[in-house]
Amino acid sequence: MASELHEAIFMAKQERHKNLFLNYRNLNHFPVELLKDEGLQFLERLYMKGNLLTTLPDNLAQKLPNLIELYLHSNNIVIIPEAIGNLPRLQSLDLSCNSLHLLCPEIGRLRSLRHLRLSNNQLKSLPPEIGDLQFLETLDVSMNLLTSLPDRLHRCSSLQHLSADHNLLSHVPRHLCRLARLTQLSMAANILTFLPLDLGGSRELQFVFVDYNVDLKGLPSYLYNKVIGCSGCGVSPPGDDQDEALSEALLGLPAEVKAVASEADNVVPLEELAMRTLHRLYHQQWHHATGDEDVNFPPSIPLPKSLLDLLHFPLGHCHRCTQAMFTVIYPKLFPLRRTALAAVHRRTTVSFVAYCCSSRCLRTFNLQS
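Residues numbered from 1 in each chain as written. Predicted model: local features only at pLDDT ≥ 70, side-chain atom pairs only at ≥ 80, totals over all residues. Heavy atoms only, no water.

This paragraph deals with the sheet that holds strand E5 (residues 115–117). In spatial order, the strands read E1-E2-E3-E4-E5-E6-E7-E8-E9; together these nine strands make up an open sheet with parallel pairing. Both edges of this open sheet fall to strand E1 (19–21) and strand E9 (207–209), since each of them pairs with a single strand only. Averaged over all pairs of adjacent strands, the angle between strand axes in this sheet comes to 5°, irrespective of strand direction. (Pairing = 2+ DSSP bridges. Helix = DSSP H or I, 4+ residues; strand = E, 2+ residues; numbered from the N terminus. Axes fitted to C-alpha atoms, helices over the stretch in contact; angles between N-to-C directions.)

See below:
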């Protein structure tokens, strides 16, 4: 086996191969032949799946500076050195099925990275620096021990596929609703109780997987026709008591919700009106100055950080008129058994909830219109 390995690396150096396959070689350390002299400066793709590696060398980037793809699936890697951030051309990194407990912040320096796969490890958190990966298209963190996702993940403006199945996630960051290119979101088998009001509002998002979240009883109406399966999700209470069913569906609302209004509440609270006015004012001023509606707008007068955060990331937008909302919601329940999707889902007790900005929008909103 050692002679075969030596020959494979020798031939790669002699013939200046761009691809090197070292899968299933029972390697328990990184081959020193790859790091001798000038290394393999021309190598672009390195496959080392199914070995016994526990770490990577600190001089990996120095000896293999032109790596575009690095596949380390199914090893015993416990730690990734900080030098991993020195691979400027790396576009695909697969660390699935290893023994990672931590991910170094330097991962955020891989500015060319498009695909990051970290499934089936022991990760309890992700570094905020992942949000610096502006070209990242695929992120798979399934089968870990994550209790939260970084708020800065919304800065991954190119993200299309996000998989976080089989973790310990109790909530989804509201900021993820700003991922304009996200097409597929998979959050099955977590402990979610609630999904952000805006989730699904983007036209790009097509598929949402939320199976086996036993406490998830109500889905935002934006997800109507986008959810794939609700098997194992929460069961609404029996009977036709709409108030009781709605209360169950609203469990776990974020702390920013200060009031749950009803059709009888015709006057929007002053604080809410003030926030909407400020949001509209700043948005118009910044759009007029930059011509870009997607840029975070800075306030022209100082405000407390809590208010600034709300202005940048509203609680949600009205499911009828798209008006931004900050502290008050007007919910409307649509039991799945009364919709056309009832036959598609394996569980017919999961409900959709519309969130409106006023009693007028609440009265006129129809899920299927």
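Let's shift gears to helix H1 (residues 2–14). Over its 13 residues, H1 extends 18 Å from the first C-alpha to the last, a length consistent with the 18 Å expected when each residue adds 1.5 Å. Of all the positions in H1, only Leu-5, Ile-9 and Ala-12 are classed as buried. Projection of H1 onto a plane perpendicular to its axis shows the buried side chains occupying an angular sector of 60°, all on one side. In H1, those exposed residues whose orientation departs by more than 90 degrees from the buried face are Ser-3, Glu-7 and Gln-14. The first or second residue beyond H1 is Arg-16, which carries a positive phi of 55°. (Expected span 1.5 Å × (residues − 1). Buried < 20%, exposed > 50% of the residue type's maximum accessible area, 1.4 Å probe, protein only. Arc of directions from axis to C-beta.)

Taken in spatial order, the four strands line up as E10-E15-E14-E11 in an open sheet, and their pairing is mixed. For this open sheet the edge positions go to strand E10 (218–220) and strand E11 (259–260), each flanked by a neighbour on one side alone. Strand direction decides the pairing type here: strand E14 (residues 328–335) and strand E15 (residues 351–356), joined by six bridges, are antiparallel. Each residue of the ladder has a partner; that of Leu-333, found in E15, is Val-353. With respect to the sheet, helix H3 (residues 242–249) is in contact with E10, E14 and E15, its orientation differing from that of E14 by roughly 115°. (Contact = heavy atoms within 4.5 Å.)

Locating Leu-110 in the fold gives a position in the loop between strand E4 (92–94) and E5. The exposure class assigned to Leu-110 is buried, which follows from its relative accessible area of 0%. For the pair Leu-110 and Gln-134, spaced 24 residues apart in sequence, the C-alpha separation works out to 9.7 Å. For Leu-110, the contacting residues outside a window of four places in its chain are Ile-84, Gly-85, Leu-87, Leu-90, Leu-93 and Leu-133.

Coordinates in, geometry out; function isn't part of it.
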